[in-house]
Amino acid sequence: CKVVDNGDDYKEVTAPKVDQVIQAHIILSDGTDIGISPVDPKATYAWTKGDDTPLGSEGAFTVTSDLLGQTIRCTVTYEGATGEATWSGTVVAAE
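Calculation criteria
- Residues numbered from 1 in each chain as written.
- Predicted model: local features only at pLDDT ≥ 70, side-chain atom pairs only at ≥ 80, totals over all residues.
- Heavy atoms only, no water.
- Helix = DSSP H or I, 4+ residues; strand = E, 2+ residues; numbered from the N terminus.
- Buried < 20%, exposed > 50% of the residue type's maximum accessible area, 1.4 Å probe, protein only.
- Contact = heavy atoms within 4.5 Å.
- Salt bridge = Lys/Arg side-chain N within 4 Å of Asp/Glu carboxyl O.
- Pairing = 2+ DSSP bridges.
- Phe/Tyr/Trp six-rings, centres within 6.5 Å; stacked < 30°, edge-to-face > 60°.

### Digging into the side chain of Q20
Mapped onto the elements, Q20 comes out in the loop between β1 (2-5) and β2 (21-27). What makes Q20 buried here is its relative accessible area of 12%. Setting aside residues up to four positions removed in sequence, Q20 forms contacts with D5, V13, A15, F61, T62 and V63.

### Description of the pattern of salt bridges
Per the stated rule, a full pass over the model turns up 1 salt bridge. One salt bridge in this structure joins R73 and D52, with 2.3 Å as the shortest N-O distance. Pair noted here: R73 is in strand β7 (residues 71-78) and D52 is in the loop between β4 (43-49) and β5 (54-56), with a separation of 21 residues, a long-range link.

### A short note on the pairing of β4
Where burial is concerned, most of β4 is hidden: 5 out of the 7 residues are buried. In this sheet, β7 lies alongside β4 in antiparallel orientation, the contact comprising 7 bridges. For T44, the partnering residue across the bridge sits in β7 and is T77. Here 2 bridges tie β4 to β5, and the two strands are oriented antiparallel to one another. Bridging across to β5, T48 finds its partner in P54. The hairpin turn running from β4 into β5, its antiparallel successor, is 4 residues long, and D52 in that turn takes a positive phi close to 70°.

### Focus: the packing of aromatic side chains
The full count for this structure, using the stated rule, is 2 aromatic pairs. Here the aromatic rings of W47 and F61 are separated by 5.4 Å at their centres, their planes lie at 20°, and the arrangement is stacked. Linking W47 in strand β4 with F61 in strand β6 (residues 60-62), this pair joins segments that are 14 residues apart in sequence. The burial state of W47 is the same as that of F61; both residues are buried. On the basis of an interplanar angle of 70° and a centroid distance of 6.5 Å, the ring pair of W47 and W87 is categorised as edge-to-face. In this pair, W47 sits in strand β4 while W87 sits in strand β8 (residues 84-90), placing the two residues 40 residues apart along the sequence. We classify W47 as buried; its relative accessible area is 1%. Relative accessible area serves as the criterion here: at 8%, W87 is assigned to the buried category.

See below:
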């Protein structure tokens with residue numbers, strides 16, 4: 001799993017910014033690229049912050065200012081695939 005910017009040509013995100021809309025990009029361990037849009041109904045998303053507090057369960061997530069300096073994670077499971085994929089990044093201020 002990697003996370004991309006929903007409005008910047010789907011550029012990969014390593015440090016999410018406040019007010020940025022980010023979206024999970026699913027790539028299975030066998031290399032199958034599920035992609036990002038439309039959201040695949042076989043995928044389950046869990047956006048959380050550092051202490052495992054739930055933030056959302058959609059394919060996309062808008063980073064809010066209260067998350068500044070915190071680590072957020074997106075964990076994806078995919079029906080029919082084994083295990084899960086997790087991405088994490090620490091939120092930085094918008095430019």
